[in-house]
Amino acid sequence: MNIDRIIEELTLEEKASLCSGLDFWHTKPVERLDITSVMVSDGPHGLRKNVEDSQNPNESIKAVCFPTASSLACSFDRTLLEAMGKAIGEECQHEQLAVVLGPGCNIKRSPLCGRNFEYFSEDPYLAGQLAAAHIRGVQSRGVGTSLKHFACNNQEHRRMSVSAEVDERTLREIYLAPFETAVKEAKPWTVMCSYNRINGVYSSENKRLLTDILRDEWGFKGLVMSDWGAVNDRVEGIKAGLDLEMPTSYEKNDKLIVQAVEEGRLEEAQLDKCVRRVLEMVDRYLENAEPDTAWDMDRHHQLARKIQSECIVLLKNDNNVLPLDVKQKIAFIGKFAETPRYQGGGSSHINSYKVTSALEAVGEYTEVEYASGYSISGEDDDEKLLLEAVKCAERCDTVVIFAGLPDSFESEGYDRNHMQMPQSQLRLIDEICKVNKNVVVVLHNGSPIEMPFVEKVDGIVETYLGGQAVGGAVCDVLFGKVNPCGKLAETFPKKLSDNPSYLNFPGEGDTVKYNEGIFVGYRYYDYKEIEPLFPFGYGLSYTTFEYSNLKLSHSEIDGDDVLTAEVTVKNTGSVAGKEIVQLYVSDRHSHVIRPVKELKGFEKVELKPGESKKVMFRLDSRAFAYYCEEMSGWRAEYGEYEILVGASSADIRLKEKVYVSSGEKLTAKFTLNSTFGDILTVPEGRKMFHELVARANLGGDDSDPALMGDGSEQMAESMLKDLPVRAIVSFSEVPGITRFDLQNMIDKLNDEING
Ligand code: BGC
């Protein structure tokens, strides 16, 4: 497609028309110039493609529902995410779609967000890595993705009007970081802006977000589309870099665009940029389309089962109640065993071509007794169901209770206001624990729940919302065909009020203040020493792993100083298993407030009994950095850090100290009023400090004993770090040092750094 020529030939009206949808799912064609219309569909964990010619935008074709992001994230597995992406990409090719909408990589700020099941994690590194893998998978099949919802769409409550009030450092470190990683590493064809406002400005007309950060800083080259109905002022949107409005605006906004250009309020060149990106997307589709691609739903169903079996998290396994012994008499209790909850409500809802329940899949292993125990919508007599279930539990050796949250509890469009499970299910668990000692609870929920039964049952298995093949995957884990290896991608607090956003969720009126700042998820629980129900990164296995030999080494790769961490992991149990090894960076000497530790690496390793393998991590300077508002950039302070390697955020097995000098280019503007603490954050500043201490003899015998205490340089550093440099000569005369000398030292320091 000769895009330059087409742009020259398009009339103003045609240009404006290309900037919004034809209908719910298509872009507009311009037949005169052979510009075809292309189709987009939801995502993210399968296809929700509208039935052709259907007037109902929610009537979709049969497709495979893969595990939702809440579950996928527990795999900590980039390869699995790519595999799923490829499968979805194939489906899209077959269905002639240009773009599949997703993945969503918004941060789980509160467990209450109704849409958490569509998002990966409370941790930006994990969310970014997995979103990138998902995108790589889909796009490797020549189909585009739409990374969403950019940004700060962390609640459903008033999602189309609420303003997320968030400071710059928090925005960069927590809420934008996953988008940044996915954009830079995986280059999504498109990004979808969110409904909400950020610090007062709608995402759909936020130039800082859509152009300055996304394009100019991160180098995004694709198209930005609106979330469905997210446009407030279309002309402002064009100016900000919102290329495509979705769905259709019934030509209302096309007219406003034309009018704005004619009246000189909008430069045509700006409109041309948007048109170019729409045409580029159409062109990409045409170049990559392979409508003959086969789509084997059964193969994808099997893939969904395999993926989900690696996402399931074993939360508790006392007395080795699991894996189940087929020689025992086993009861499956709970309606979810028969009709599992495996996806959430809203735009990601898939018309699943088949669903395998645990009750159906268990036949591959053994026979079980079944009682439904409760009704999902309360339409049946729960009392009668409870009695039946208790009787069934009495007759059996082991009971597996399938429980969790019904659809009505969580969905796109609204948030929860508590973290409890339905009372009927809690009562069922209680009553069954009275008659049977071997109880396992299998959970189906999109987001954390309180677990008043945690001490009463022996086993807890978290499946999240695990896709249409969940029943098979659950049985594979329950019977030990698959050794569970998932780990939690978010903290389960003991109670809602422990959560850091508790005081400010969902906000007041149209404002929600992110007052907890960077202390989201484990960053908060760690710092406050609040013991969670289950920590971030936690998950058990049927085997055990031993960690040893953490070794760190520096090297330079492409001009960046890279730290390599190597650790040996051994399977010390009697069955094969996979372990997710996590690496956290800790900076406890920073002059800014930093979390106790932050995830900066994870790898999954498969080990036979007795086998050992080395696991490697590479950390660049960004892994040590915080976002420095004064310098408007990422800054890794010079100094000592700790590398922590472990099996969860609360189970650190090995630690090593490392000195880091980021090699970043600073624009130093130190003055006599900078504190020694500020100056000590750069290696050149440390040198200057040592020189000053020596010249002024601050560590020696002649120093003022009242000021210097034991006279050590370490003590001098602690005492001076909060003083401005000028203060050295303000209190008393220091022999051999004048204010003029100090100024010279500072000038030299600035020159050294900037030079
Ligand atoms: C959702 C998006 C979705 C779009 C199209 C919106 O309501 O927020 O995630 O892609 O609808 O269905």
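In short, a report on the structure.

The rules behind each value
Residues numbered from 1 in each chain as written. Predicted model: local features only at pLDDT ≥ 70, side-chain atom pairs only at ≥ 80, totals over all residues. Heavy atoms only, no water. Pairing = 2+ DSSP bridges. Helix = DSSP H or I, 4+ residues; strand = E, 2+ residues; numbered from the N terminus. Expected span 1.5 Å × (residues − 1). Buried < 20%, exposed > 50% of the residue type's maximum accessible area, 1.4 Å probe, protein only. Arc of directions from axis to C-beta. Contact = heavy atoms within 4.5 Å. Polar contact = N/O pair within 3.5 Å; in protein donor to acceptor, adjacent residues only side chain to side chain. Near = heavy atom within 4 Å. Areas by Shrake-Rupley, 256 points an atom, 1.4 Å probe, with all protein chains shown as cover. Nonpolar A, V, L, I, M, F, W, Y, C, P; charged D, E, K, R; others polar. Salt bridge = Lys/Arg side-chain N within 4 Å of Asp/Glu carboxyl O.

1. A look at the sheet that holds strand S7 (residues 197-198)
Judged by pairing direction, the sheet is mixed, and its 4 strands sit side by side in the order S8-S7-S5-S17 without closing on themselves. Of all strands in the sheet, those with a lone pairing partner are strand S8 (201-202) and strand S17 (511-513), marking the two edges. Where S7 meets S8, 2 bridges bridge the pair, whose relative direction is antiparallel. By the bridge assignment, Arg197 is partnered in S8 with Tyr202.

2. Considering helix H14 (residues 382-395)
Between its terminal C-alpha atoms H14 stretches 20 Å, which fits the 20 Å expected from 14 residues at 1.5 Å a residue. Of all the residues in H14, the buried ones are Leu385, Leu386, Ala389, Val390, Cys392 and Ala393. End-on view of H14: buried residues confined to an arc of 160 degrees, all on one side of the axis. More than 90 degrees from the buried face of H14, the exposed residues found are Lys384, Leu387, Lys391 and Glu394. Against strand S11 (330-333), strand S13 (369-371), strand S14 (398-404) and helix H15 (423-435) lie the buried residues of H14.

3. What to know about the side chain of Arg523
Inspection of the secondary structure puts Arg523 in helix H17 (residues 522-528). Reaching out from Arg523, the side chain makes a polar contact with the side chain of Glu598 at a distance of 3.1 Å. With sequence-adjacent residues up to four places away left out, Arg523 is seen in contact with Asp123, Pro124, Ile174, Ile518, Pro595, Lys597 and Glu598.

4. Focus on the site of the ligand
Around the ligand, a shell composed of 14 residues is seen, among which Asp42, Arg115, His149, Tyr195 and Asp227 lie nearest. Between an oxygen atom of the ligand and a side-chain N or O atom of Arg115, the distance comes to 2.7 Å. Taking His149, its side chain carries an N or O atom lying 2.7 Å from an oxygen atom of the ligand. Contact with the protein chains removes 95% of the 310 Å² of surface that the ligand exposes when unbound. A breakdown of the residues in the shell around the ligand according to their chemical character gives 5 nonpolar, 2 polar and 7 charged.

5. Looking at the pattern of salt bridges
Summed over the entire model, instances satisfying the criterion amount to 63 salt bridges. Note that Glu217 and Arg172 form a salt bridge whose closest N and O atoms lie 2.8 Å from each other. You can see Glu217 sitting in helix H7 (residues 207-217) and its partner Arg172 sitting in helix H6 (residues 168-186), a full 45 residues away along the chain. Taking relative accessible area as the criterion, Arg172 reaches 3% and is therefore assigned buried. Salt-bridge contacts for Glu752 lead to Lys687; the nearest nitrogen and oxygen are separated by 3.5 Å. In this pair, Glu752 is assigned in helix H23 (residues 739-754) and Lys687 in helix H19 (residues 683-695), connecting sequence segments 65 residues apart. With a relative accessible area of 33%, Glu752 lands in the partly exposed category. One network of salt bridges, with partners in common, ties together Asp77, Lys306, Glu310, Lys578 and Lys604.

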